[in-house]
Amino acid sequence: MRIAIDAMGGDLGPRATVRGAAGAALQDTRLALRLFGPRARLEREIASLPRRLAAAGSRLEVVDAPDEIAPGLRPSEALRHGRDSSMARMLDCVASGEACAGVSGGNTGALMALGRRALGTVAGIPRPAISTAIPTRDQGRCYLLDLGANVEASADRLVDFARMGEVMARHVDGLVRPRVALLNVGVEGTKGTASVRQADARLRELPEFAYGGYVEGDGIFAGAADVVVCDGFVGNAVLKASEGLARMLVARVQQTFEAHWGSRLVGLAARPALRRLRGELDPVRYNGASLLGLSGIVVKSHGGADAEGFRYAVLRAVQEVEHDLPRRLARELGGAPRHSTSRLGVTGGDDRQ
């Protein structure tokens, strides 16, 4: 199973992406990873992999891509001048069928624009959405979308997001009727923007949906819905705030146990539970967001992700390959994808290189 990697995307440079890719290759022996970026720089990073990752070096292939997409570059500029960038060449690799999926931690707007040009969209979806799973009560999780690709969203787009999120939750999590909700400032029918109220009316007309109406912010983490839909401005703010809150809570708990000798003794006894809590709340575990609606699989890693976070993003791409989400979206929402992982023979335990 080949995954294409934009090795120059992300705030921490190619060291984090190369080491994260190597970690994913060690964890999943099916993987062959094609890294795009300046050849000499990437080859140096591979040669300097720590001993625990060095064995994965043979499954990291470098493809020279001399240019980078700057973090602040406008999507229109990326479309005009970014053809030789690591991001564009990674996407071309996915579009040609040479790779099953692509991963990038780079400029979100550029990734969306270049992805639409290289891959197209399924079922006439005009604007793909960014979605990821976030933890909820009782070991559950909820898919939240959009997370920033569409800062403003019309009622039509919100309905598109709901339909795509419902398909994802049904096939990835095996839910028979995922509970879908619109994020709003209250549960009353008169609350919210015009686009949210219009989307609410339209979703109530879809009998195949288990649509539950509005949910407020606290309902996301309470597990009130399996799919929560909002525009990208709100979704990105919710995601970033929840990541900051999770880190703050873990730090506060740790500080409490370290405050004096009595609490340190209690902390020693509670260390396994604290380690488990830290792991469950760590945003790194949930790194990797789907660009739902593209005709190929592209996963957006958090720009600030370290090697461990990037490893999770690569493994998220593997999960999507196994579920062949673009083909499922195309089949259920109408139309046929231009590119599909099934043409590569990638199902379950395929070892295609």
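Note that the coordinates shown come from a computational prediction; the quantities given were computed from them, not determined experimentally.

A.B. asks: Pulling in residues and values, what's your account of the nonpolar core?
C.D. replies: Grouped together as the largest cluster of nonpolar side chains are 37 residues, with contacts concentrated most on Leu91, Leu119 and Val228. Contributions of two or more residues to this core are made by helix H5 (86-95), helix H6 (108-119), strand S5 (129-136), strand S6 (140-145), strand S7 (179-183) and strand S10 (289-292). Both domain 1 (1-125 + 293-332) and domain 2 (129-288) contribute no fewer than three residues apiece to this core.

A.B. asks: Outline the pattern of salt bridges, supporting the account with residue identities and numerical values.
C.D. replies: This model, assessed by the stated rule, comprises 19 salt bridges. The residue arginine 34 makes a salt bridge to glutamate 61 at a minimum N-O spacing of 3.1 Å. With arginine 34 in strand S2 (residues 32-37) and glutamate 61 in strand S3 (residues 60-64), this pair connects stretches of sequence that are 27 residues apart. Judged by its relative accessible area of 10%, arginine 34 falls in the buried class.

A.B. asks: Give me the pairing of S10: which residues, what numbers.
C.D. replies: Alternating residues of S10 divide into Ala289 and Leu291 and Ser290 and Leu292, and every residue in both groups is buried. Pairing of S5 with S10 involves 3 bridges; the strand directions are antiparallel. Within S10, the position partnered with isoleucine 130 by the bridge is leucine 291. Hairpin connection of S10 to strand S11 (residues 297-300): 4 residues between the antiparallel strands, including glycine 293 at a positive phi of 115 degrees.

A.B. asks: Explain the sheet that holds S10 to me, using residue names and the numbers behind them.
C.D. replies: Pairing in this open sheet of 11 strands is mixed, and the strands run S3-S2-S1-S4-S11-S10-S5-S6-S9-S7-S8 from one edge to the other. Two strands in the sheet have a free side with no partner beyond their single neighbour: S3 and strand S8 (210-215). Ignoring strand direction, the axes of neighbouring strands in this sheet form an average angle of 25 degrees. Against the sheet, helix H2 (residues 39-47) contacts S2 and S3, and its axis sits at roughly 160 degrees relative to S3.

A.B. asks: Please provide a residue-by-residue account of the packing of helix H1 (residues 14-27) against helix H13 (residues 307-323), values included.
C.D. replies: Axis separation between H1 and H13 bottoms out at 7 Å; the angle between their running directions is 55 degrees. Classified by the angle between their axes, H1 and H13 sit oblique to one another. As for the relative orientation of H1 and H13, their crossing is right-handed in sense. Where H1 approaches H13, its residues Ala16, Thr17, Arg19, Gly20, Ala21, Gly23, Ala24 and Gln27 are matched on the opposing element by Ala307, Phe310, Arg311, Val314 and Leu315. Taken together, the residues of the contact of H1 with H13 break down into 7 nonpolar, 4 polar and 2 charged.

A.B. asks: Residues and numbers for the pairing of S5, please.
C.D. replies: Counting buried residues in S5 gives 7 out of 8 residues, a clear majority hidden from the surface. Pairing between S5 and S6: 6 bridges, direction antiparallel. Considered in S6, the bridge of threonine 132 is made with leucine 144. Where S5 folds back on S6, the antiparallel hairpin that results is connected by 3 residues, among which aspartate 138 adopts a positive phi of roughly 60 degrees.

A.B. asks: Pulling in residues and values, what's your account of H2?
C.D. replies: Among the residues of H2, Leu42, Glu45 and Ile46 are the ones counted as buried. For H2, the arc enclosing every buried residue in end-on projection is 100 degrees, short of the 170-degree limit, so these residues lie on one face. Residues of H2 that are exposed and angled more than 90 degrees away from the buried face: Arg44 and Ala47. Buried residues along H2 sit in contact with H1, S2 and S3.

A.B. asks: So, the packing of helix H7 (residues 155-172) against helix H8 (residues 194-203): which residues are in play, and what are the values?
C.D. replies: Helix-helix packing is described using two parameters, namely the angle between the two axes and the distance between the axes. The N-to-C vectors of H7 and H8 enclose an angle of 50 degrees; their axes lie 8 Å apart at closest approach. Taken together, the axis directions place H7 and H8 in an arrangement best described as oblique. Seen from above, H7 lies across H8 with right-handed handedness. Across the interface between the two elements, Ala155, Asp156, Leu158, Val159 and Ala162 of H7 pack against Ser195, Val196, Gln198, Ala199, Arg202 and Leu203 of H8. Its residues placed into classes, the contact of H7 with H8 shows 7 nonpolar, 2 polar and 2 charged.

A.B. asks: Kindly report on the environment of valine 159, identifying the contributing residues and their values.
C.D. replies: Along the chain, valine 159 turns up in helix H7. For the pair valine 159 and valine 196, spaced 37 residues apart in the sequence, the C-alpha separation amounts to 9.5 Å. Those residues in contact with valine 159 that lie beyond four places of it in its chain are Ala199, Arg202 and Leu203.

A.B. asks: Explain unusual backbone geometry residue by residue, including any values.
C.D. replies: Leaving glycine aside, a negative phi is the common case for residues, and trans is the common case for peptide bonds. The peptide bond linking leucine 145 to aspartate 146 adopts the cis configuration, its omega dihedral lying at 10 degrees. Examined against the element boundaries, aspartate 146 turns out to sit in the loop between S6 and H7. Residue alanine 123 is not a glycine yet carries a positive backbone phi of 55 degrees. Along the polypeptide, alanine 123 turns up in the loop between H6 and S5. The phi dihedral of aspartate 324 is positive, around 50 degrees, even though this residue is not glycine.

A.B. asks: I'd like a rundown of the confidence of the model for the chain, residues and numbers included.
C.D. replies: Confidence along the chain averages 85 in pLDDT terms, with 86% of residues attaining 70 or more. In the predicted structure, residues 336-353 sits below a pLDDT of 50 and forms 48 contacts with residues beyond four places in sequence or in another chain.

About the cut-offs
Residues numbered from 1 in each chain as written. Predicted model: local features only at pLDDT ≥ 70, side-chain atom pairs only at ≥ 80, totals over all residues. Heavy atoms only, no water. Core = buried A, V, L, I, M, F, W, Y, C linked by side-chain atoms within 4.5 Å. Buried < 20%, exposed > 50% of the residue type's maximum accessible area, 1.4 Å probe, protein only. Helix = DSSP H or I, 4+ residues; strand = E, 2+ residues; numbered from the N terminus. Domains from an automatic or database assignment. Salt bridge = Lys/Arg side-chain N within 4 Å of Asp/Glu carboxyl O. Pairing = 2+ DSSP bridges. Axes fitted to C-alpha atoms, helices over the stretch in contact; angles between N-to-C directions. Contact = heavy atoms within 4.5 Å. Parallel < 35°, antiparallel > 145°, perpendicular 65-115°, else oblique. Left-handed = near helix turned anticlockwise from the far one by under 90°. Nonpolar A, V, L, I, M, F, W, Y, C, P; charged D, E, K, R; others polar. Arc of directions from axis to C-beta. pLDDT = per-residue confidence, 0-100.

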